[in-house]
Amino acid sequence: MKVIIVKDYEELSRKASSIIADALQRKKPFVLGLATGGTPEGCYKELIRMYQAGCIDFSHVITFNLDEYVGLPPHHPNSYRYYMEEKLFRHINIDPKNIHFLNSKARDLEAECQAYEEIIKAVGGIDLQILGIGRNGHIAFNEPGSSIDSRTRVVTLSHETRIANSRFFSSLEEVPKKALTMGIGTILDARRILLLASGPTKAEAIKATIEGPITPAVPASFLRIHEDCTLIVDLDAGSLLSSLNKN
Ligand code: F6R
């Protein structure tokens, strides 16, 4: 894994957005995998700024979001669909028919997950997948214990993840217990992966991801077997890495 260490969240957001902007210019159509959560917000703001400045075009971009809570309708303010509309899609020239989400209100969730895999395949696979990392090392909603060949499926969120995400809800009880998520195998099929990590709460997970064993106990560690995965990490999230602590 290539590791880029940046000073802070602002630099991480600028670096990530410039990598994405550069990639989007190189291929048409371009299939972009997207994450939600606090980490990519700054990057999405930068992409909007670049679009408004006329430096970037999304008309040829096809998107697939990583995951969605089960039980929240698309217009619910805590759904990931709503997040993406607010934080990115409604500000740029993406064609709505190119936006893909797991429909967590589908009657048959297993069939919905299978269909998502098929659509990704039908458009030729994901060119660039953006990822955040959970404090427990999860990627998308692949919690510790997820296997390397897991595919898009229904998962139960760990208590730790529900607590971490409760900051976006008014109470812990409101955080859904289940989600739909791309699997680790699905993510590893992307041609290129960009993992973003910021802040001290991610330091343990980043150390385990980069320096620990490759293990289902730390799902992000599986990214080390990918041929083209870049981690952008700020000084706080990277603070436990040996390379930053050599003296
Ligand atoms: C969100 C997702 C999650 C987050 C992770 C980190 O689509 O897939 O894996 O990337 O939970 O969340 P933040 O960025 O809020 O710390």
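Check the entry above for the structure.
Rules and cut-offs
Residues numbered from 1 in each chain as written. Predicted model: local features only at pLDDT ≥ 70, side-chain atom pairs only at ≥ 80, totals over all residues. Heavy atoms only, no water. Salt bridge = Lys/Arg side-chain N within 4 Å of Asp/Glu carboxyl O. Helix = DSSP H or I, 4+ residues; strand = E, 2+ residues; numbered from the N terminus. Buried < 20%, exposed > 50% of the residue type's maximum accessible area, 1.4 Å probe, protein only. Patch = residues over 30% accessible without salt bridge, like charges linked within 9 Å, V, L, I, M, F, W, Y side chains within 5 Å. Areas by Shrake-Rupley, 256 points an atom, 1.4 Å probe, with all protein chains shown as cover. Contact = heavy atoms within 4.5 Å. Pairing = 2+ DSSP bridges. Core = buried A, V, L, I, M, F, W, Y, C linked by side-chain atoms within 4.5 Å. Polar contact = N/O pair within 3.5 Å; in protein donor to acceptor, adjacent residues only side chain to side chain.

Caption draft 1: Spotlight on the pattern of salt bridges. This model, assessed by the stated rule, comprises 12 salt bridges. Of the charged contacts, one joins Lys27 and Asp127 as a salt bridge, the two residues approaching to 2.8 Å between their closest N and O atoms. In this pair, Lys27 sits in the loop between helix H1 (9–26) and strand E2 (30–34) while Asp127 sits in the loop between helix H4 (109–122) and strand E6 (128–131), placing the two residues 100 residues apart along the sequence. The class for Lys27 is partly exposed, based on a relative accessible area of 33%. The exposure class of Asp127 is buried, given its relative accessible area of 7%. In this structure, Arg191 engages Asp127 in a salt bridge whose closest nitrogen and oxygen atoms are separated by 2.9 Å. Separated by 64 residues along the polypeptide, Arg191 in the loop between helix H6 (184–188) and strand E9 (192–197) and Asp127 in the loop between H4 and E6 bring together distant segments of the chain. One salt-bridge network, held together by shared partners, links Lys27, Asp127 and Arg191.

Caption draft 2: Up close: a nonpolar patch on the surface. There is a patch of nonpolar side chains on the surface, built from Val3, Ile5, Leu235 and Leu244 and spanning about 270 Å² of accessible area. Tracing the sequence through the fold places Val3 in strand E1 (residues 2–6). Overall, Val3 belongs to the partly exposed group, its relative accessible area being 33%.

Caption draft 3: Structural view of the side chain of Ser166. Mapping Ser166 onto the fold places it in the loop between helix H5 (159–165) and strand E8 (178–181). Contact partners of Ser166, with chain neighbours within four places excluded, come to Leu172 and Val175.

Caption draft 4: Broad picture of the pairing of E6. In E6, alternate side chains face the same way, and those of Leu128 and Ile130 on one face and Gln129 and Leu131 on the other are all buried. When E2 meets E6, the two strands line up parallel, connected through 2 bridges. Looking at the pairing, Gly33 lines up with Gln129 of E6. Strand direction decides the pairing type here: E6 and E9, joined by 4 bridges, are parallel. Within the sheet, the bridge partner assigned to Leu128 lies in E9 and is Arg192.

Caption draft 5: Fine view of the nonpolar core. By size, the foremost hydrophobic cluster in this structure holds 42 residues, and its most contacted members are Ile20, Leu32, Leu88, Phe89 and Leu194. Going through the elements one at a time, E1, H1, E2, helix H2 (41–52), helix H3 (80–87), E6 and E9 are the ones with two or more residues in this core. The element that contributes the greatest number of residues to this core is H1, accounting for 7 residues. Ile20 has contacts with Leu32, Cys43, Leu47, Leu128, Ile130 and Leu194, leaving out every residue within four places of it along the chain. With 35 residues, the next largest nonpolar core counts Ile184, Ala220, Cys229 and Val233 among its residues.

Caption draft 6: The arrangement of the side chain of His226 in detail. You can see His226 is positioned in the loop between helix H7 (203–211) and strand E10 (229–234). Residue His226 is classed as buried on the basis of its relative accessible area, which comes to 11%. A polar atom in the side chain of His226 sits 3.4 Å from the backbone oxygen of Leu188. Looking at His226, its side chain comes within polar contact range of the main-chain oxygen of Ala190, at 2.6 Å. Once residues lying within four places of it in the same chain are set aside, the contact partners of His226 are Leu188, Ala190, Arg191, Arg192 and Ile193.

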